[in-house]
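Results of the structural survey
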Amino acid sequence: MGKIYVFDHPLIQHKVTLMRKVETKAKDFRALVREIASLMTYEAMRDLPMVDVEIETPMEKTVQKKLEGADMAVVPILRAGLGMVEGVLDMVPQAKIGHIGLYRDPETHKPVEYYCKLPVDLEKRRIFVVDPMLATGGSASDAITFIKERGGKNIKFMCLIAAPEGIEALQAAHPDVDIYIAAKDRQLNENKYILPGLGDAGDRLFGTK
Ligand code: PRP
Ligand code: URA
């Protein structure tokens, strides 16, 4: 079973609180999403495999550590996942970027796919799927299914706010996928929005409402 990591780092929690506030405008909201994604990436990379490498300093030869080299791909779920990409790239600038376009049908709350473009060598990469919100879990589950159908194997999911229902659904659909969460919230409302949540992440990022 994939692991679930809920970050309790004070810097992350503080920034999540600021991001949630109704008076936080798009410019600050975007900056906070990026910063939180960056801090989470730093934490989520703790288990990256390392190898020994011999280097020479100005003083002498020495054996030191470097990353083993399984290259990374970050795959935002459009639209709102885009807000997290720069934050991940701040930590791992060499990552390749894929895109998956999904929106929730307002009536059925089920995800509808409209775009998918992924790096070709997906099977070799450590893949981080990013989306600020895990509500019913439908979008994340479908996105990960698309990635697996195109060869992706080593997949992790990173979100800012998750509902218990979404965590359960994603774990059931993809038990091999680790889930990284900045804050686990109470529940979904009747329209499948997260409570207390932050509202519509896409609208808040892009100022569309
Ligand atoms: C939001 C969010 C997730 C999805 C989560 O996107 O960014 O992708 O809802 O909900 P779920 O877990 O119930 O699937 P939305 O569908 O509103 O599209 P948008 O990013 O284009 O606004
Ligand atoms: N999508 C959002 O943007 N917010 C929610 O609370 C649920 C789904």
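Here the structure is a predicted model, which is why all the values come from computation and not from measurement.

What surrounds ligand 1 is a group of 14 residues, the closest being Arg104, Asp131, Thr136, Gly137 and Ser139. Within the contact set of ligand 1, an oxygen atom lies 2.4 Å away from a side-chain nitrogen or oxygen of aspartate 131. Contact between ligand 1 and alanine 135: an oxygen atom at 2.9 Å from a main-chain N or O atom of the residue. Protein coverage of the free-state accessible area of ligand 1, which is 500 Å², stands at 91%.

Take the site of ligand 2 next. Around ligand 2, the structure places Arg104, Met133, Ala135, Lys192, Tyr193, Ile194, Gly199, Asp200 and Ala201. A distance of 2.8 Å separates an oxygen atom of ligand 2 from a polar backbone atom of isoleucine 194. Alanine 201 is positioned such that a nitrogen or oxygen atom in its backbone is 2.8 Å from an oxygen atom of ligand 2. When ligand 2 sits alone it has 240 Å² of accessible area, and the protein chains cover 89% of it. Of the residues that constitute the shell around ligand 2, the class distribution is five nonpolar, one polar and three charged.

Core analysis: the largest hydrophobic core is formed by 38 residues, its most contacted members being Val16, Met19, Ile36, Met40, Met158, Leu160 and Ile161. Going through the elements one at a time, helix H1 (10-20), helix H2 (26-44), strand E4 (72-78), helix H3 (82-91), strand E8 (126-130), strand E10 (154-162), strand E11 (178-184) and helix H6 (201-206) are the ones with two or more residues in this core. The greatest single-element share of this core, amounting to seven residues, is contributed by H2. Residues within four places of methionine 19 in sequence aside, it is in contact with Thr24, Phe29, Leu32, Val33, Ile36, Leu160, Ile161, Leu198 and Arg204. Grouped together as the second largest cluster of nonpolar side chains are 24 residues, Ile77, Ala143, Ile155 and Ile181 included.

Here we come to the packing of helix H4 (residues 138-149) against helix H5 (residues 164-173). With their axes 9 Å apart at the nearest point, H4 and H5 run at an angle of 20° to one another. By the criterion of interaxial angle, the relationship of H4 to H5 is roughly parallel. Relative to H5, the crossing made by H4 is right-handed. On H5, the residues that touch Ala140, Ser141 and Ile144 of H4 are Ala169, Leu170 and Ala173. When grouped by side-chain class, the residues that make up the contact of H4 with H5 number five nonpolar, one polar and no charged.

Moving on to the environment of proline 76. Assignment of secondary structure puts proline 76 in strand E4. The class for proline 76 is buried, based on a relative accessible area of 0%. With 53 residues separating them along the chain, proline 76 and valine 129 place their C-alpha atoms 5.7 Å apart. Proline 76 has contacts with Gly81, Leu82, Val85, Ile97, Gly98, His99, Ile100 and Val130, leaving out every residue within four places of it along the chain.

Definitions and limits used
Residues numbered from 1 in each chain as written. Chains lettered and ligands numbered in written order. Predicted model: local features only at pLDDT ≥ 70, side-chain atom pairs only at ≥ 80, totals over all residues. Heavy atoms only, no water. Near = heavy atom within 4 Å. Polar contact = N/O pair within 3.5 Å; in protein donor to acceptor, adjacent residues only side chain to side chain. Areas by Shrake-Rupley, 256 points an atom, 1.4 Å probe, with all protein chains shown as cover. Nonpolar A, V, L, I, M, F, W, Y, C, P; charged D, E, K, R; others polar. Core = buried A, V, L, I, M, F, W, Y, C linked by side-chain atoms within 4.5 Å. Buried < 20%, exposed > 50% of the residue type's maximum accessible area, 1.4 Å probe, protein only. Helix = DSSP H or I, 4+ residues; strand = E, 2+ residues; numbered from the N terminus. Contact = heavy atoms within 4.5 Å. Axes fitted to C-alpha atoms, helices over the stretch in contact; angles between N-to-C directions. Parallel < 35°, antiparallel > 145°, perpendicular 65-115°, else oblique. Left-handed = near helix turned anticlockwise from the far one by under 90°.

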